[in-house]
Amino acid sequence: MPAFEKLSIPCTFVQDNHSLSVPAFTLRGLHFQTPPRGQDKLVRCVRGAIFDVAVDIRKGSPTYGQWVGAELSAENGHQLFIPIGFAHGFVTLEDNCEVSYKCSDTYAPENDGGIRWDDPAIGIDWPMPAGTAPELSPKDAVQPLLADFDSPFPYDGRPLAPLA
Ligand SMILES: Cc1cn([C@H]2C[C@H](O)[C@@H](COP(=O)(O)OP(=O)(O)O[C@H]3O[C@@H](C)C(=O)[C@@H](O)[C@H]3O)O2)c(=O)[nH]c1=O
């Protein structure tokens with residue numbers, strides 16, 4: 001059985017992305033592509049360290065709006081799988097972080113979607129020093145709140161479990 005299938009990663013990856021974030025506490029997210037161009041993503045940090053987050057935005061999910069997060073670093077080599085139906089974001093924990101992620105569909109800017117990184121209804125506990133404002137793209141500074149988002153992602157019955 002192929003290695004990804006053994007890990008319950010059912011997709012085929014067709015695009016690899018690589019991003020460099022220069023200042024520490026650069027935050028990208030929360031992002032997704034809408035159907036029919038949704039993307040499963042497999043994320044790792046190949047230089048430095050990030051806190052990587054997935055938020056359940058599957059309509060009807062018993063864990064809708066809940067999040068999980070993990071530190072991914074070049075040192076620990078951990079990866080996080082972000083399935084279709086989850087919004088994704090990360091904050092860098094040091095200068096000059098490079099993140100590499102595989103995607104199950106190609107980039108489709110017309111299907112670009114986002115939710116605010118600091119939506120209080122989600123309540124992500126970003127590991128940033130008190131009083132630190134993250135570096136955001138202009139797009140991410142004005143993403144909508146979850147309450148104003150009509151999710152096009154159906155609940156597929158797969159529960160969101162705490163990370164091992
Ligand atoms: C994601 C992506 C962006 N771009 C371009 C569009 C734009 O000019 C520039 C920067 O795009 P963005 O601002 O969307 O880049 P970024 O904020 O790094 O977006 C990424 O954030 C993380 C959290 C994800 O989950 C990714 O799927 C992706 O949305 O790169 C591509 O050409 N192909 C791509 O696959």
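Quick look at the structure, then. (Residues numbered from 1 in each chain as written. Predicted model: local features only at pLDDT ≥ 70, side-chain atom pairs only at ≥ 80, totals over all residues. Heavy atoms only, no water.)

Re the environment of phenylalanine 86
Within the secondary structure layout, phenylalanine 86 lies in strand β7 (residues 86-92). Given a relative accessible area of 8%, phenylalanine 86 falls into the buried group. Measuring from C-alpha to C-alpha, the distance between phenylalanine 86 and alanine 161 comes to 13 Å, with 75 residues separating the pair along the chain. With near-sequence residues (within four places) excluded, phenylalanine 86 lies in contact with His31, Phe32, Ala54, Val55, Asp56, Ile57, Arg58 and Leu160. (Helix = DSSP H or I, 4+ residues; strand = E, 2+ residues; numbered from the N terminus. Buried < 20%, exposed > 50% of the residue type's maximum accessible area, 1.4 Å probe, protein only. Contact = heavy atoms within 4.5 Å.)

Brief notes about the pattern of salt bridges
Within this structure, the stated rule accounts for eight salt bridges. For the salt bridge of lysine 102 with aspartate 16, the shortest nitrogen-to-oxygen distance reads 2.9 Å. With a gap of 86 residues between them, lysine 102 in strand β8 (residues 97-103) and aspartate 16 in strand β1 (residues 15-21) connect regions that are remote in the sequence. Relative accessible area serves as the criterion here: at 29%, lysine 102 is assigned to the partly exposed category. Overall, the relative accessible area of 55% leaves aspartate 16 in the exposed class. Residues arginine 116 and aspartate 118 are paired through a salt bridge, measuring 2.8 Å at the closest nitrogen-oxygen approach. Residue classification places arginine 116 among the partly exposed positions, given a relative accessible area of 25%. Under the relative-accessibility criterion, aspartate 118 is labelled partly exposed at 31%. Salt bridges sharing partners connect three or more residues here, namely Asp56, Arg58 and Asp156. (Salt bridge = Lys/Arg side-chain N within 4 Å of Asp/Glu carboxyl O.)

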